[in-house]
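Here are the chains, one letter per residue:
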Amino acid sequence: MATEQRSVGRGWIGTALERLGPTWLAGAIAAGPATMGSLLVAGASFGYALLWVVVCSAVLGAVGQYLAMRLGLLTEAGIVSVVERHLGSTWAWVLVVDVVLAAGLAQVIIMKTLAEVSATMVASAGVDVAVLADPRLWGVTWAVILALGLAGGGYRVAELGAKVLVSMVVVAFVAAAFIVPIDPTAAVGGLVPAIPAGVDGALVAAGILGGAVHITLLTMQSYTMRARGWTVRDADTAIVDIVSSMLGAFGVFSLAVFLVAASVLPAAGVDPATIDGISAAQTLGPVAGEYATWVFLAGLLGAAVSTLGGNTIVPPYLLADKLGWEQSTDDNRYRAAVAGVALISAVGAFLGGAFFQLLVLTLAFGLVGTPFAIAVILILLNDPDVVPTTNSRVANLGGFVLFAVAAMLAGEFVRGELETISDPLSAFVVAFAVAMALALLGLAGRYVRDRVSGV
């Protein structure tokens, strides 16, 4: 009898491990170069002061994925089609545009990162061919590889290699966290919620949270679960998937990178405004020695490739759902959309500016559009006409806290952008924020009207 129970136990665990995946894809995007950049800039700028945001990002990221998971499992449909069916076509389009803008900006800036890291690695290797050290060449090259791989189905080898590189640099950061002299008193002080240095602090804090609580991660969950064939019967597996990826893997990654950065970069005198891949590599010096630069750049490259692979498919997923296309490369329209998003990302290699600072801005921008998605998910999960089992009080409390923290940090970031609104990029951020605020007000008005009329 005991042998049979052990066999059943091993079978359940083995089956669960085999089926894990959708939230791990979201976690791979979350643990990408943008999050790494935000954590490094935060540590270099403010030491341990934003540790509370790092902890919140993992916890609230798990809450967000749980809510998105419930909606996907209980409706067994993509989020856009659910919104269109129950809230109307206008709100479905608002959600699609919100995601396309946030994911599109991330796509372009992450490609800039990938292109510049590729060029830096070539230059560091001493290759005396000028054209090979040109980020623009690498941006176009990677965009073509991405388009052919994702649209043609041959991307898995590159993705596997990217995951190996990411795993390598994560292990290096975790090892460094045990070696570098972390100040426990200062670290504990960083658990007290506070946003340092006004505008810059708000930007970096929004960037950190935006890495885990991002509209692309929330909306892609229903599509990746459908691709795996999950139904409400897979709820337990989905919870294990979320806890192991967001609270486990992503949480460890975030804490290790932040603590090492906060311990090493300020002491090394790294200027947060000019931080680049070479100076950031100092964080791995205690464990990688003379190879620190190569280990760091290889991990950053792998994170960029892996993140681009997941991020590229998000806008096509939502567009396909809205326009009634099949959400697979068997549909030429979906395939063309995937290839188009991949190729457009090459534009990033032609942009100016330091990519670490742009990565932080990318996540902060995405966070501005995230409260709307959270509100949509909460409204749908509390409507008995949408789901057979509405949210529990605990789930709603978690959702409200998630919404409040995301809205607060996004608001602080936008308030800072108002001070430089004459800059075109700041003006665009503010305009986007105003549009999202109006959308939230309209959604709240509709919800109140529907509740009153239903009484």
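The coordinates are above.
Everything in this summary refers to the structure shown in the same document. (Residues numbered from 1 in each chain as written. Predicted model: local features only at pLDDT ≥ 70, side-chain atom pairs only at ≥ 80, totals over all residues. Heavy atoms only, no water.)

1. Comments concerning a nonpolar patch on the surface
So, point 1. Together, Val-55, Val-59, Val-188, Leu-191, Ile-239, Val-243, Leu-247 and Leu-255 make up a nonpolar patch on the protein surface, roughly 610 Å² of accessible area in all.
So, point 2. Elements supplying a minimum of two residues to the nonpolar patch: helix H4 (51-75) and helix H12 (235-268).
So, point 3. For the nonpolar patch, the element with the most residues is H12, which contributes four residues.
So, point 4. With respect to the secondary-structure elements, Val-55 resides in helix H4. (Patch = residues over 30% accessible without salt bridge, like charges linked within 9 Å, V, L, I, M, F, W, Y side chains within 5 Å. Areas by Shrake-Rupley, 256 points an atom, 1.4 Å probe, with all protein chains shown as cover. Salt bridge = Lys/Arg side-chain N within 4 Å of Asp/Glu carboxyl O. Helix = DSSP H or I, 4+ residues; strand = E, 2+ residues; numbered from the N terminus.)

2. So, the packing of helix H3 (residues 33-46) against H12
So, point 1. Axis separation between H3 and H12 bottoms out at 7 Å; the angle between their running directions is 35°. The two elements H3 and H12 meet at a crossing, and its hand is right-handed. In this structure, H3 uses Thr-35, Met-36, Leu-39, Leu-40, Ala-42, Gly-43 and Ala-44 to contact H12, whose residues at the interface are Phe-250, Phe-253, Ser-254, Val-257, Phe-258, Ala-261, Ala-262, Leu-265 and Pro-266.
So, point 2. In terms of residue class, the contact of H3 with H12 is made up of 13 nonpolar, three polar and no charged. (Axes fitted to C-alpha atoms, helices over the stretch in contact; angles between N-to-C directions. Left-handed = near helix turned anticlockwise from the far one by under 90°. Contact = heavy atoms within 4.5 Å. Nonpolar A, V, L, I, M, F, W, Y, C, P; charged D, E, K, R; others polar.)

3. Quick word on the environment of Phe-253
So, point 1. Position of Phe-253 among the secondary structure elements: in helix H12.
So, point 2. In this structure, the C-alpha to C-alpha distance between Phe-253 and Val-174, residues 79 residues apart in sequence, is 7.5 Å.
So, point 3. Once residues lying within four places of it in the same chain are set aside, the contact partners of Phe-253 are Ala-31, Thr-35, Met-36, Leu-39 and Val-170.

4. Some details on the packing of aromatic side chains
Both the distance between ring centres and the angle between the ring planes are used here to describe each pair of aromatic rings.
So, point 1. Applying the stated rule across the entire model yields eight aromatic pairs.
So, point 2. A centroid spacing of 6.4 Å and a plane angle of 75° characterise the contact between Phe-173 and Phe-296, whose relative ring orientation is edge-to-face. Residue Phe-173 is found in helix H8 (residues 156-177), and its partner Phe-296 is found in helix H15 (residues 292-312); the two are separated by 123 residues along the sequence. The same class applies to Phe-173 and to Phe-296, which are both buried.
So, point 3. Look at Phe-365 and Phe-428: their rings are 5.6 Å apart centre to centre, the planes differ by 20°, and that puts the pair in the stacked class. In this pair, Phe-365 is assigned in helix H18 (residues 355-381) and Phe-428 in helix H20 (residues 424-454), connecting sequence segments 63 residues apart.
So, point 4. Accessibility expressed as a relative area gives 1% for Phe-365, which makes it buried. (Phe/Tyr/Trp six-rings, centres within 6.5 Å; stacked < 30°, edge-to-face > 60°. Buried < 20%, exposed > 50% of the residue type's maximum accessible area, 1.4 Å probe, protein only.)

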